[in-house]
Structure formats: C-alpha cells, structure tokens
Amino acid sequence: MAMMAEEFESMAASPDALDLHRFRKVVRSYIERHHYKAAIFWADKVVSLSNGSPADVYWLAQSYFLTKQYHRAILLLNGHKLSKNPTCRYLMALCHYEVGEFHLALDLLEHNDNNSISRIKTEGEPFSVPEIDDTMSIDCSTHLLKGYIYEASDNRALAAESFRAAIQADPLCYEAIHALTQHHMLTVKEERDLLSSLPLSRTCSDPESAVVMAVYETRVNKYSCPSQPLPQPVGPLASNADFITAQAEKLYYNCNFAQCYRLTQEVLKKDPYHTGCLPIHVSCLVELKQSNTLFLLAHKLVDLYPESALAWFAVGCYYYLIGKNEQARRYLSKATALDRVFGPAWIAYGHSFAAENEHDQAMAAYFKAAQLMKGCHLPLLYIGMEYGLTNNPKFAEKFFKEALEIAPDDPFVLHELGVVASSNQEYTSAEVYLRRAVALVEESGVVVVPEKWAVLLNNLAHICRKLQKYEEALHFHQQALRLCPGVSSTYSALGLVQSLLGDYEAAVVALHKALSLHRDDTTATTLLTTVMEQLMTQTPAFQGDDNVPQLDLPSELVGTDTNTSDITPACAEDPLSDTNLLGSSIGQPVMHSSDVGGDSLSHSESQSSALIIEDMVMDDQSP
C-alpha cells in the first residue's frame with residue numbers, strides 16, 4: 001500500500017507521466033452503454049486529474065445532463081468559466097430549457113449568436129475546444145433550441161424562423177422539419193419554398209440528395225391535395241414504416257378509412273408504439289367506430305406511457321366516440337397540458353363541445369387549434385361551421401374562404417361555402433361551389449363515404465330545384481338514394497321534384513316511402529296531401545272499360561251535385577312550396593394526425609349549418 005501511494009504521489013507530481021486517454025475512453029464507453037453513474041464517477045476523477053480540462057468538464061456536465069441533474073451541470077460549467085465556449089454554452093442553455101428557465105436559456109443562446117449584444121456578462125472572447133466543437137452542428141442546435149423556446153413561449157412566428165435557420169444550417173436536421181410540418185407552422189407554399197431552398201449540395205451527393213428530398217416530401221402538403229400520390233420511394237424505402245405511415249395519412253385525408261386502417265395495422269404490427277402512426281390509427285378507429293379496439297389501445301398506452309399526450313388523447317377519443325363528452329374533455333385537457341402544441345387534442349376538445357351545441361366553447365378550442373396549426377385548414381373550417389350554426393353567415397364565409405386558400409381542393413370546404421351562398425340566396429354561386437365539390441369527389445379519387453356525400457348530393461339537388469333545373473335535381477336525389485337508401489328526407493325531396501315535373505304518381509310513391517321510414521314527417525304528410533289533391537283533379541274515377549253500367553243513385557241523393565269541377569287544382573305555374581330537407585354538413589372533415597387529423601373525428605348532425613330554403617320547414621333526417 002505504501003508503494004502504491006508513493007507511485008500515485010509521483011504521478012501527481014508529474015502529470016505528464018499519467019496518460020488520461022484510457023480513462024477518457026472509459027467515460028465515453030460508459031455513456032454509450034448508458035452506464036451513467038459509472039460515467040459520472042470516472043469523469044469526475046478525470047476532471048480532477050486533468051486540472052479541469054474543458055473537454056473533460058464538458059463530458060462530466062454531459063453525464064449530469066443525461067441523469068437529469070440539470071442545475072448541477074450548470075454549476076459545473078459556470079464554476080469552470082466555460083460559458084465562453086459555444087458548445088458548453090449550448091449545453092447550459094439546454095439545461096435551463098429542461099427546467100423551464102426559458103429566459104435564461106434564451107439569453108445564453110442570443111450571446112452565442114452575437115457576443116456584443118447580451119444580458120449575460122462573460123469575460124474574454126469565445127474560445128474553442130477542438131475535442132468537442134463542431135461549428136455547423138452547434139449552429140443548427142442553437143437555432144433548434146431557440147425554436148423550441150419560442151414555441152413554448154407562444155411566439156410561433158419567431159419559432160418558425162428559428163426552425164428554418166436550423167434546417168438551413170444542417171439540411172439533415174429532421175427535428176426542424178418535424179417541428180415545422182407536424183406543428184403546422186408553414187403554409188403549403190412556404191413548405192415548398194423551404195424544401196427547394198435546402199443547401200443539400202453542400203453536404204450530400206446527388207443520390208443522397210434524392211433520398212433526402214424523397215423522405216422530406218412525405219412530410220409536406222398533406223391537406224391541399226390529398227388525392228395527389230406521394231413520390232415514389234427510393235428502393236427499399238417502400239417498406240419503411242415512416243413511408244407507409246405517410247401513405248396511410250394520405251388515405252385518411254381522402255376518407256379511405258378502411259385502407260388507411262389496414263396500413264396503420266401493418267405498421268403497428270412491426271412497431272406497436274410508432275409515434276407517427278398512432279395518432280392516425282386512433283383517428284381511424286374513431287371514424288370506423290371501433291370503440292372496443294380503441295379502448296384496449298388507449299389502456300395500453302396509458303399503462304406504458306402515462307406522461308405521453310398521445311396516450312391521453314387516445315383515452316379522450318374513446319370517450320368522445322361513445323358519447324361521454326364530459327369525460328372526453330377531462331382527458332383531452334390533460335393531453336393539451338402535457339403537450340401544449342398537440343393540435344389534434346385541441347380539435348377533438350372542440351368537437352366534444354360542438355357535439356353538445358356549446359358553440360362558444362367549441363369555437364374557443366378551434367381558435368386555439370388555428371393558432372397552433374397555421375398550415376392546417378381544419379380549425380378554420382370548424383370555426384366557420386360554428387359561426388354558421390349561430391346564424392352568422394358573414395363570419396362563417398370569411399373562415400371558409402381562409403380554409404379554401406390553404407386547401408383549395410377540399411370538397412368539405414366547398415360544400416360549406418355552397419351552403420352559406422344558398423342561405424344568402426346566391427343560388428348561382430352555391431351551384432358553382434357544390435358542383436365543384438361533387439366533381440372533386442367523382443374525379444379526384446376521393447373514396448365515397450355514404451353518410452357524408454349523400455348530403456352533398458341532396459343539397460346540390462335543392463339548388464338545382466331552386467334554379468328550376470328539375471331533371472338535374474331528380475338525378476342528384478336519385479344518386480343520394482343509391483348511397484343512403486334509408487333516409488326519409490331524401491324521399492320527401494324526391495317526391496317534391498317529381499311533383500314539380502308533373503309525375504304525381506311517382507311523387508306519391510316517394511312520399512309514402514318517406515312516411516314509412518319516418519311516420520312523423522310532417523312535411524311529407526303535407527306534400528302528400530297536396531299531391532293527392534292534384535292527382536285527383538287529373539285522374540278519372542274509373543279507367544279502362546267504357547261499358548261500365550250507369551250507377552243507380554238512391555232517391556235521397558237524387559239532385560245532389562256530384563260535380564267536382566269546383567275543386568281548385570294547384571296551378572302548374574305555382575309550384576309546391578319548397579322545404580328545408582337537409583342540413584348542410586357532409587360531416588366534418590377527418591381530424592389531422594399531428595393530427596392524429598385529423599380528423600379527424602366525425603362531425604355530428606347537430607353541427608351542420610342549415611341549408612335554408614323558404615316557405616315550409618321540414619324535419620331534418622339527414623345522417
């Protein structure tokens with residue numbers, strides 16, 4: 001023991017005799033193998049043996065950070081006066097960010113950008129430590145962290161600017177692309193401009209640049225053209241989980257929920273906790289009304305990840321699906337508390353209020369979602385629908401047009417604009433919007449969802465009837481019946497159009513069918529009475545055989561006037577009164593995944609703004 005002590009003293013007296021490379025290598029090895037306690041222990045000894053070498057102090061502070069000892073890491077770096085080094089200063093700022101001290105973190109990062117302007121007082125000029133410094137990566141990391149700080153402080157404009165700067169500094173920094181696209185900070189044009197401006201040639205060869213652009217293009221332009229196919233993957237990327245998830249998301253926004261569900265199942269079979277796929281999968285389960293499957297998934301997520309906003313979002317969606325909106329709001333509120341920028345949770349939160357006709361609270365949630373999701377049109381669409389329900393068509397039209405600028409090919413937005421135009425008696429404009437929506441459904445590969453598109457066809461038929469295009473109105477009502485044959489209001493509308501065409505017998509059949517489906521349909525009853533009276537005036541009492549014997553009337557009826565010519569028929573030029581047959585909404589567009597979009601959760605009938613057609617009010621039996 002005495003011998004060992006003498007050897008240690010001799011090494012301490014001459015530090016050059018001790019090679020610390022072996023101990024430094026041990027520290028890195030323990031960090032890579034996640035033995036953080038061992039790394040801290042030996043890193044601390046190396047710092048002492050090297051008399052506080054900046055690189056050794058950095059690795060000890062890094063070990064403190066990995067074990068969530070943030071204040072200890074800050075004190076260590078400050079104690080060795082390493083705040084002048086960009087890498088150490090970034091690590092200090094990251095520690096401040098993790099404990100919620102955003103202003104201190106921002107001060108350090110601003111000093112990193114410009115040493116002459118800062119509220120942090122540091123002595124001397126910045127110095128480099130070659131062992132730990134990497135100028136490009138630190139520049140990117142600094143901008144990325146500033147973006148997170150601005151986003152946490154609700155300054156989304158500066159956050160987007162910082163994320164853009166990060167991706168320009170390092171084009172392979174996916175975190176910046178994820179923050180910009182998943183949090184919907186950019187419009188479609190801004191996303192395209194960003195991708196085209198990436199300095200890929202500076203760091204990648206041409207084949208590598210092609211791979212980067214292919215994977216980045218799956219992250220942008222999700223809503224404006226959902227029917228547009230994704231770019232072809234590069235070789236083996238076709239089976240990559242992220243690429244399959246992007247394909248599923250496209251299918252989701254095309255309302256092809258069944259195929260989307262098959263793809264998300266394929267991804268989750270390989271990776272049950274794929275964070276990009278789970279929001280889409282949850283939204284699909286809501287659209288397909290698979291409450292049992294959603295319950296099991298939500299239960300598993302909460303057990304495994306109780307601090308994840310996604311887990312509580314799944315729970316809230318389950319309660320929303322089964323109609324327990326108060327419980328849904330409780331869990332969705334917890335999701336938004338865990339992740340303030342989780343847009344799908346805010347949209348679902350608004351849906352839970354809208355389902356109970358709580359329009360003010362629903363709009364407040366949708367406005368928050370719109371603030372968080374600048375590049376997504378869904379919150380704007382929902383705000384417009386709520387304004388329509390509160391009889392404010394002017395504001396409804398304003399938000400619908402804003403949504404249309406973001407997603408010009410969304411049939412849901414076009415349909416709602418048609419409804420607003422109809423309520424303003426602008427029937428020509430309404431016809432343009434609705435015909436365009438129908439054309440998109442028929443030609444753009446959008447999968448037909450009967451309950452949603454039948455309402456669109458019926459409303460286009462109402463507008464055609466208003467414009468006296470009765471044959472086209474008849475055609476669209478018949479198309480709606482092919483999609484949803486059990487809706488009484490569609491049969492009532494069909495009967496009205498047939499009566500306007502003079503086909504009273506077919507109108508009677510249609511109105512009887514409407515009453516068989518909904519016997520309390522007062523409008524169908526009124527229409528049937530009117531049509532029967534019209535039919536009686538035009539049809540003789542007996543048809544066929546002309547040799548019908550003369551009826552011998554009883555003597556007490558002799559002299560009674562049996563002529564019915566004094567019954568006034570409905571004038572052909574005076575059409576039967578129109579009716580409000582259907583509500584406007586074709587169901588809410590699906591919620592985004594960053595939705596989940598979604599979507600996307602389905603919109604209840606009560607959330608439809610009414611398509612008002614004058615004269616007679618009819619019960620709304622639309623789905």
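Bear in mind the structure is a predicted one, so any value in this text is a computation, not a measurement. (Residues numbered from 1 in each chain as written. Predicted model: local features only at pLDDT ≥ 70, side-chain atom pairs only at ≥ 80, totals over all residues. Heavy atoms only, no water.)

## Observations regarding the overall build of the protein chain
Stage number 1. In terms of regular secondary structure, the protein chain is built from 29 helices and three strands.
Stage number 2. Here the protein chain, with 623 residues, has 50% of them falling under the buried criterion. (Helix = DSSP H or I, 4+ residues; strand = E, 2+ residues; numbered from the N terminus. Buried < 20%, exposed > 50% of the residue type's maximum accessible area, 1.4 Å probe, protein only.)

## Some remarks on the packing of helix H21 (residues 378-389) against helix H22 (residues 393-406)
Stage number 1. For the pair H21 and H22, interaxial distance at closest approach is 8 Å and the crossing angle is 160°. The angle between the axes of H21 and H22 places the two elements in the roughly antiparallel class. Helix-helix and strand crossings are classified by hand; for H21 and H22 the assignment is left-handed. Together, Leu-380, Leu-381, Ile-383, Gly-384, Met-385, Tyr-387 and Gly-388 of H21 and Phe-395, Ala-396, Phe-399, Phe-400, Glu-402, Ala-403 and Ile-406 of H22 make up the contact between the two elements.
Stage number 2. Here the residues of the contact of H21 with H22 are counted per class, giving eleven nonpolar, two polar and one charged. (Axes fitted to C-alpha atoms, helices over the stretch in contact; angles between N-to-C directions. Parallel < 35°, antiparallel > 145°, perpendicular 65-115°, else oblique. Left-handed = near helix turned anticlockwise from the far one by under 90°. Contact = heavy atoms within 4.5 Å. Nonpolar A, V, L, I, M, F, W, Y, C, P; charged D, E, K, R; others polar.)

## Overview of unusual backbone geometry
Stage number 1. With phi around 55°, His-184 is a residue other than glycine that occupies positive phi space.
Stage number 2. Mapped onto the fold, His-184 is located in the loop between helix H10 (174-182) and helix H11 (188-196).
Stage number 3. His-184 gets classed as buried once you look at its relative accessible area, which sits at 4%.

## Topic: the state of the cysteines
Stage number 1. Under the definition given, this model contains zero disulfides.
Stage number 2. Cys-277 takes part in no disulfide bond, and the closest cysteine sulfur, belonging to Cys-260, lies 7.7 Å away.
Stage number 3. Residue classification places Cys-277 among the buried positions, given a relative accessible area of 0%.
Stage number 4. No disulfide involves Cys-284; its nearest neighbouring cysteine sulfur is the one of Cys-260, lying 3.3 Å away. (Disulfide = S-S within 2.5 Å.)

## A short note on the packing of aromatic side chains
Stage number 1. A complete count under the given rule lists 21 aromatic pairs for this structure.
Stage number 2. Measuring from centroid to centroid gives 5.4 Å for Tyr-58 and Trp-59, while their planes differ by 75°, and the two rings are edge-to-face. Just as Tyr-58 is buried, Trp-59 falls in that class too.
Stage number 3. An aromatic cluster is present here, built from Phe-295, Trp-312, Tyr-318, Tyr-319 and Tyr-331 joined pairwise through their rings.
Stage number 4. The positively charged end of Lys-334 is found above the aromatic ring belonging to Trp-312, 3.9 Å away from the centroid.
Stage number 5. Across the ring face of Phe-399, the terminal group of Lys-398 is positioned such that the distance to the ring centre comes to 4.4 Å. (Phe/Tyr/Trp six-rings, centres within 6.5 Å; stacked < 30°, edge-to-face > 60°. Lys NZ or Arg CZ within 6 Å of the ring centre and 35° of its normal.)

## Concerning the side chain of Asp-56
Stage number 1. Here Asp-56 shows up in helix H4 (residues 54-66).
Stage number 2. With relative accessibility at 4%, the residue Asp-56 sits in the buried group.
Stage number 3. With near-sequence residues (within four places) excluded, Asp-56 lies in contact with Arg-24, Val-46, Val-47 and Ser-50.

## Considerations on the pattern of salt bridges
Stage number 1. By the definition in use, this model includes 14 salt bridges.
Stage number 2. Beyond isolated ion pairs, a larger network of salt bridges with shared partners links Glu-431, Arg-435, Lys-469 and Glu-472. (Salt bridge = Lys/Arg side-chain N within 4 Å of Asp/Glu carboxyl O.)

## Quick word on the confidence of the model for the protein chain
Stage number 1. For the protein chain, per-residue confidence averages 80 on the pLDDT scale, and 78% of positions sit at 70 or higher.
Stage number 2. Across residues 553-623 the pLDDT falls below 50, and counting only partners more than four positions away or on other chains, this stretch makes 248 contacts in the model. (pLDDT = per-residue confidence, 0-100.)

## Let's talk about the environment of Gly-52
Stage number 1. Assignment of secondary structure puts Gly-52 in the loop between helix H3 (36-49) and H4.
Stage number 2. Residues Gly-52 and His-80, 28 residues apart in the sequence, show an inter-C-alpha distance of 7.2 Å.
Stage number 3. Excluding residues that lie within four positions of it along the chain, Gly-52 makes contacts with Val-47, Val-57 and His-80.

## A word on the packing of helix H15 (residues 278-287) against helix H16 (residues 291-304)
Stage number 1. Close contact between H15 and H16 brings their axes to 9 Å; oriented N to C, the two are set at 150°. As far as their axial angle goes, H16 and H15 are roughly antiparallel. Seen along the crossing, H15 lies across H16 with a hand that is left-handed. The segment H15 lies against H16, with Leu-278, His-281, Val-282, Leu-285 and Val-286 engaging Thr-293, Leu-294, Leu-297 and Leu-301.
Stage number 2. Classifying every residue of the contact of H15 with H16 gives seven nonpolar, two polar and no charged.

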